[in-house]
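The primary structure of each chain is shown beneath.
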Amino acid sequence: MNCATVRDVLPEFALGVAPGDDATAVELHVETCAACRKEAVDLQRAAATFGYALAGDGAPPAALEHDVVESVRSVALAPRPARSRGRRTGFLLLVAAVLVASVGVGSVFAGREERLRLQQERTAQAQGDALQRFGTIPINLGGPNTRVLVGTLVAPSGAGTGSALTIVSKGADDQMVVIVNDLSGRRLPLAVSISDTKGHTVDIGKIHALDTAGGATMARETPTSLNGFVDVTVSDARGRTVLRGTLEAQTAVASPSP
Amino acid sequence: MQGRDDGPLLPREEAQLMEGLLAGDDAAIRALYARFARPVYTMGLRLLGSREAAEELTQDVFVTAWRKAARFDPHRGRLSTWLMTIAHNQAIDRLRRETGVTRPKLVLVDEVPESSQSVDEDLLLERDAALRAIASLSDAERRLVMRTYFRGMTAREISEDDGIPLGTVKTRLRSALIKVRLANQQKEMP
């Protein structure tokens, strides 16, 4: 969207009734365009005024405060998943390191370098999240003759980033790990599939929930060989592609150290 | 700071409250609730039409605020605007999902003025701004805002319902919002 198109949508956006795709495009645009951002903030502020125009009917019930406090605390203080220890964790961290090193901190979010402070913060946070998630993914090591393919996933339009990895092994089920970020608002579930160069496609699985950053991690084993499958697609519930990317082979992964 | 419950918050105070919310700090959550639960609940009650729905909306808004807390930037806009936008978007999403449900008649503050007793100063200021906003609009603009902001109709739906060009509807919406903005800017000027 250019500035003129965004300005056309802004009143509806401020009033909360812009169609979904338009709203997403506006949100993306205003993160990099100070003039449109100012206009959006001003119009949103004006629109929010109407929220106070509704005549009240007294205070909320007293018990609601307790419910709200407990609801927020339950999500804010939820225990993080315990990390497994030992050889598997070592391997997983190695996989994470391979992934991050191969795609690079900046290129994980390819095409978005121009984004301002907010995006940089998100990138840093997502990167940390990705490492943490890889530490908790239950991947089973396929054996010494393992090939790892990794790549970034980018959004054809709208927000969203991701990365994916396949572990192709002889004598064991192949595995795939997909990390997505910044997909809040996409219609769930998200379907992950991977295709080879001949057009054959393997459905890997579905992502049914996103976390606070619109992210999720999915790890799957598949009896279908993923050898030669490199084109990854993540689609929303309406079948629209929200992320896609191509994997590239990496150096074989050695056995993990304890 | 978290105990202060009167007067508009400074950006620094808003940021502190949001940090507290993000950390699940009991006092910060209660401070936010004390300031914003009432207008959020009222929005749920008036737009969705039942106390149960209003309570659900209020809970959802505060949990969503926690989920999005890291994205809040007090230098880009006020916390009250941000929270009410979340509340409004969630209410409208629900309105648009639940088609065919009879909704209550909207009652605005200029029709049934609410007692100012037990309402904090910040809320009174916001309500004054709302009254100025409504007063700044023509009847036609007011109806337009009612159908979009309060009923969730898109510009295209209004265009089709009324048989007028989409561009005209959008222009009128922009004009209405600019009037509201000007009305409140003039009030804020010394």
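Every chain is numbered on its own, with residues counted from 1 as its sequence reads. Whichever chain is written first becomes A and whichever ligand is written first becomes 1, with later ones labelled in order. This being a predicted model, a pLDDT of at least 70 is required before a residue's local features are given, and a value of 80 or more before pairs of side-chain atoms are given or counted; all residues contribute to the totals for chains, interfaces and linings.

Enquirer: Got a sec to walk through the overall build of chain B? Specific residues and values, please.
Expert: Counting secondary structure elements, chain B contains eight helices and zero strands. Helix numbering and strand numbering both begin at the N terminus, where a helix is a DSSP run of H or I of at least 4 residues and a strand a DSSP run of E of at least 2. Along chain B, helices and strands appear, N-terminal first, in the series α-α-α-α-α-α-α-α. Across the 190 residues of chain B, 37% fall into the buried class. Restricting to contacts in chain B with at least 6 residues of sequence separation, those with at least 24 account for 64%. Any residue with 12 or fewer other C-beta atoms within 10 Å of its own C-beta is exposed, any with 20 or more is buried, and the rest are partly exposed; the C-beta atoms used are placed from the backbone. By the convention adopted here, residues make contact when the C-beta atoms placed from their backbones lie within 7 Å.

Enquirer: I'd love a proper account of the overall build of chain A, names of residues and values included.
Expert: Per the secondary structure count, chain A includes six helices and nine strands. A separation of at least 24 residues holds for 67% of the contacts in chain A among residues at least 6 apart in sequence.

Enquirer: So what's going on with the confidence of the model for chain B? Residues and values would help.
Expert: Residue and element names in this part refer to chain B. pLDDT: the predictor's confidence for each residue, scored from 0 to 100. Model confidence for chain B is summarised by a mean pLDDT of 85, while 87% of its residues fall at 70 or above. Within chain B, the element-level pLDDT minimum falls on helix H5 (residues 121-135), averaging 81, and the maximum on helix H7 (residues 155-162), averaging 94. Both scores are available for the predicted complex, with the pTM at 0.59 and the ipTM at 0.84.

Enquirer: Can you explain the interface of chain B and chain A? Please cite residues and give values.
Expert: In this assembly, 59 residues from chain B lie in contact with 39 residues from chain A. The set of elements that each furnish at least two residues to the side of chain B that touches chain A consists of helix H1 (11-22), helix H2 (26-48), helix H3 (51-68), helix H4 (79-97), H5, helix H6 (139-150) and helix H8 (166-188) of chain B. If you tally residues by element for the side of chain B that touches chain A, the top one is H2 of chain B, at 12 residues. Polar here means any residue outside two lists: the nonpolar Ala, Val, Leu, Ile, Met, Phe, Trp, Tyr, Cys and Pro, and the charged Asp, Glu, Lys and Arg; Gly therefore counts as polar. Along the lines of polarity and charge, the residues of the side of chain B that touches chain A split into 31 nonpolar, 14 polar and 14 charged.

Enquirer: Go over helix H1 (residues 3-14) of chain A with me, naming the residues and quoting the values.
Expert: Residue and element names in this part refer to chain A. The span you would expect from a helix comes to 1.5 Å times its residue count less one. The terminal C-alpha atoms of H1, which comprises 12 residues, lie 16 Å apart, in line with the 16 Å expected from a rise of 1.5 Å per residue. For H1, every residue scored as buried is listed here: Val-6, Val-9, Leu-10, Pro-11, Glu-12, Phe-13 and Ala-14. Gly-16 sits one or two positions beyond H1 and adopts a positive phi of about 80 degrees.

Enquirer: So what about the pairing of strand S8 (residues 241-246) of chain A? Which residues, and what values?
Expert: Residues and elements named next belong to chain A. Pairing between strands requires that DSSP locate at least two bridges from one strand to the other. Both strand S7 (residues 229-235) and S8 contribute to a ladder of five bridges, which runs antiparallel. Across the sheet, Thr-233 pairs through a bridge with Arg-244, a residue of S8. Remark: five residues form the turn of the hairpin made by S7 and S8, two consecutive strands paired antiparallel; Gly-239 in that turn has positive phi of roughly 85 degrees.

Enquirer: Lay out the environment of Leu-226 of chain A with the relevant residues and their values.
Expert: Residues and elements named next belong to chain A. Position of Leu-226 relative to the elements: it lies in the loop between strand S6 (216-222) and S7. On the basis of neighbour count, Leu-226 is assigned to the buried category, with 22 C-beta atoms found within 10 Å. Leu-226 sits 60 residues away from Thr-166 along the chain, and the two C-alpha atoms are 7.6 Å apart. Sequence-distant contacts of Leu-226, that is, excluding residues within four places in its chain, are made with Thr-166, Val-168, Asp-174, Met-176, Ile-194 and Val-202.

Enquirer: Residue-level account of the packing of helix H4 (residues 62-76) of chain A against H2 of chain B, with values.
Expert: Two numbers describe a pair of packed helices, the interaxial angle and the distance between the axes. Axis angles are defined between N-to-C directions and span 0 to 180 degrees, where every axis is a line fitted to C-alpha atoms and, for a helix, only to the segment in contact. Where H4 of chain A contacts H2 of chain B, the axes come no closer than 10 Å and their chain directions differ by 130 degrees. By the angle between their axes, H4 of chain A is oblique relative to H2 of chain B. Between H4 of chain A and H2 of chain B lies a crossing whose hand is right-handed. From H4 of chain A, Leu-64, Glu-65, Val-68, Val-69, Val-72 and Arg-73 of chain A reach across to H2 of chain B, where they touch Asp-26, Ile-29, Arg-30, Tyr-33 and Ala-37 of chain B. Orientation labels follow simple angle bins: below 35 degrees gives roughly parallel, above 145 gives roughly antiparallel, 65 to 115 gives roughly perpendicular, and whatever is left gives oblique. Less than a right angle of anticlockwise turn of the near helix away from the far helix marks a crossing as left-handed, whereas a clockwise turn marks it as right-handed.

Enquirer: Give me the packing of H1 of chain B against H2 of chain B: which residues, what numbers.
Expert: Residues and elements named next belong to chain B. One way to put it is that H1 packs onto H2 with a least axis distance of 7 Å and a crossing angle of 125 degrees. The orientation of H1 with respect to H2, classified from their angle, is oblique. The interaxial crossing formed by H1 with H2 has left-handed handedness. Contacts between H1 and H2 involve Leu-17, Gly-20 and Leu-21 from the former and Ala-27, Ala-28, Ile-29, Ala-31 and Leu-32 from the latter. Class assignment for the residues of the contact of H1 with H2 results in seven nonpolar, one polar and no charged.

Enquirer: Pulling in residues and values, what's your account of unusual backbone geometry?
Expert: Along the chain, Leu-188 of chain A connects to Pro-189 of chain A via a cis peptide bond; the corresponding omega equals 0 degrees. If you trace the backbone, Pro-189 of chain A turns up in the loop between strand S3 (174-181) and strand S4 (190-196).

Enquirer: Break down the pairing of strand S1 (residues 146-154) of chain A for me, with residues and values.
Expert: Counted residue by residue, S1 of chain A has seven buried out of nine residues, so it is predominantly covered. What sits between the antiparallel neighbours S1 of chain A and strand S2 (residues 161-169) of chain A is a turn of six residues, in which Gly-158 of chain A has the positive phi angle 80 degrees.

Enquirer: Describe the environment of Ala-53 of chain B, and please don't skip the residues or the numbers.
Expert: All names here are of chain B. For Ala-53, the position within the fold is in helix H3. We classify Ala-53 as partly exposed; it has 17 C-beta atoms within 10 Å. Residues in contact with Ala-53, not counting those within four places in the same chain, are Gly-44 and Leu-48.

Enquirer: Lay out the confidence of the model for chain A in plain terms, naming residues and giving numbers.
Expert: When the pLDDT values of chain A are averaged, the result is 73; 68% of them are 70 or greater. The low-confidence segment residues 130-143 of chain A, where pLDDT is below 50, has 36 contacts with residues more than four positions distant or belonging to other chains.

Enquirer: Let's hear about the environment of Asp-231 of chain A: which residues, and what values?
Expert: Residue and element names in this part refer to chain A. Along the chain, the position of Asp-231 falls in strand S7. Owing to 16 C-beta atoms within 10 Å, Asp-231 belongs among the partly exposed residues under this scheme. Considered as a pair, Asp-231 and Gly-245 are 14 residues apart in the sequence and their alpha carbons are 5.9 Å apart. Contact partners of Asp-231, with chain neighbours within four places excluded, come to Ile-194, Ser-195 and Thr-246.

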